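Descriptive structure summary
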Amino acid sequence: MTAMSQEEAQGLFQEGAVLLFLDVPAGTEFGMDYTTWNTGEKFRGVKMIPAGIHFVHYSAVNVSHGGQAPRTGFFHHFHKREILVKKWDPRMEDISDEEPPQADIDKIRETLKDLDPFLGAYPYENLKKWVSLTNQITEGMTDKISPLCGKIYSATQLIADDASKTPEDRAKIKHHTEESGTESLPRMHSKPGTAIRFSAIPNASYPEGASPSEITRHSMDRTYTLSKLLEESHATDPMGLLGEMQIVFICFLIGQVYDAFEQWKRLVSLLCSCEDAIATHSTLYAAFIQMLHFQLKEIPSDFFVDIVSRNNFLTTTLRMFFGNLQSSKADDALKHKGRGFQQNLTKKFRWDFSSEPDDEAPVIVEL
C-alpha cells in the first residue's frame, strides 16, 4: 500500500470509527481483523476504522513469565464516526461487560484529538484481504451466530456442575474419592451463553415416506438436506449461509476456535455434495466458489490432510463438487467459473482432481 498523505489521514480520522480500549496492561496481545500487536504503555485504542464488520481480539499476557491466555474476541459492525469504548477488568483479565453512559462517550468525542497520539491507525494494508473474507457477513448474522455473552472464546468456558459447586460439595467428593482410593476430576460443563450458535444441519437426508429408490437418490445428492437448512436457518436470504461460513472461518482462522473449523467443514461438505441445488441456487454457488477461492489463500495446502489416513478433506470434497457441477443443469457461465477454480487449485496446490481415490475406483473381479 502506498504511503497515506496527511490530507487522506485527516479525512479518515474525521470519518472513521474509533475503538477505545482503556486500562489494558502493557504487553497484552491485541488485534483487529488480520493484524495483531502487543500493547505499549501509551496504548488507548485504534482510530480510522473503516465502516463495516470487524473482529477485535485479545489475550492477556504474563510479561514476567511469558505465559499467554487463550484468545478472546468479538465481532462489531462499526459505523462512520462511531466511538466504541471498552475497558479492561484486571480481576477478570478480560474486557468489562459494563457499557459506559452516552454522556461519557459525548465527552470523549469533544476531546478526541487529544487522544490521537495514543491511538494506533487501522492497518489499511490488510483491508482488501479482510473485505474479501467478510463480504457476505451482515450485522444481523454476527448477532445471530455469536454467543449470547457477545464474546468468542478460543477455549471452552467451563464451570462446575451443581453437584460440585460449593466448597462443601467439593469436600464430599474429595472425601469419597479418598475413601475409594480413586481420583476424580471436577464435574464441569460448558458455561451457558458462551457457545457459538451454529446453524444446525438437519438430520433428515430424505423426505418422509420416500421410496427406496428416492432414498438412494437423496443419499447421493444432498440437495434435500441443503434445502431444509436454508428453509430453517436462512429462509429470507440463502446467501446468509455463506455469511455464516465466513463468520466461522474467521472464528477459526483468527479466533482460534476449533469447533468453528468443524462447522465450516460440515457446510463445505454439504454444499459440495449437491447436484440439483447447483442449478436452482446458481447465485449462491457462484459466490461459494469465489468465497472458497479467497479462503483457501489463507491456509497452507497440507492443512487439510488427515494425520492418520493421509487423506485430504478438501481434495476429496472438491473432487465431488467439480463432478456434480459439470453433471448439473447449471448454466455454462457457472460451469466455466468452476473449471477456472479447479485449474487454479491444481496450479497453486498441485491437487489432482482427475484421478479417482483408491477406495472409489471400480473394483475388477476376476472370474
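Heads up: the structure comes first, above all this text.
Residues numbered from 1 in each chain as written. Predicted model: local features only at pLDDT ≥ 70, side-chain atom pairs only at ≥ 80, totals over all residues. Heavy atoms only, no water.

**Thoughts on the packing of aromatic side chains**
One pass over the full model with this rule turns up 20 aromatic pairs. Ring geometry for Tyr 122 and Tyr 124: centres 5.4 Å apart, planes at 80 degrees, overall edge-to-face. There is no split in this pair, since Tyr 122 and Tyr 124 are both buried. Linked through ring pairs, Tyr 285, Phe 288, Phe 321, Phe 322, Phe 341, Phe 349, Trp 351 and Phe 353 together constitute an aromatic cluster. Directly above the ring of Phe 74 sits Lys 86, whose terminal nitrogen or CZ lies 5.4 Å from the centroid. Here the basic side chain of Lys 265 rests over the ring of Phe 313, its NZ or CZ set 5.2 Å away from the ring centre. (Phe/Tyr/Trp six-rings, centres within 6.5 Å; stacked < 30°, edge-to-face > 60°. Buried < 20%, exposed > 50% of the residue type's maximum accessible area, 1.4 Å probe, protein only. Lys NZ or Arg CZ within 6 Å of the ring centre and 35° of its normal.)

**Observations concerning the packing of helix 4 (residues 127-134) against helix 9 (residues 240-253)**
The contact between helix 4 and helix 9 brings their axes to 8 Å, and the two run at 130 degrees. As judged from the angle between their axes, helix 4 and helix 9 are oblique. Here Trp 130, Ser 132, Leu 133 and Thr 134 of helix 4 lie close against helix 9, whose contacting residues are Gln 246, Phe 249 and Ile 250. A per-class count over the contact of helix 4 with helix 9 returns four nonpolar, three polar and no charged. (Axes fitted to C-alpha atoms, helices over the stretch in contact; angles between N-to-C directions. Helix = DSSP H or I, 4+ residues; strand = E, 2+ residues; numbered from the N terminus. Parallel < 35°, antiparallel > 145°, perpendicular 65-115°, else oblique. Contact = heavy atoms within 4.5 Å. Nonpolar A, V, L, I, M, F, W, Y, C, P; charged D, E, K, R; others polar.)

**With respect to the side chain of Ser 273**
Here Ser 273 lies in the loop between helix 10 (258-272) and helix 11 (276-280). In this structure, Ser 273 is in contact with Met 220, Asp 221, Arg 222, Met 320 and Asn 324, ignoring residues within four places of it in sequence.

**Brief notes about the side chain of Thr 315**
If you trace the backbone, Thr 315 turns up in helix 13 (residues 313-327). The residues contacting Thr 315, other than those within four sequence positions of it, are Trp 351 and Phe 353.

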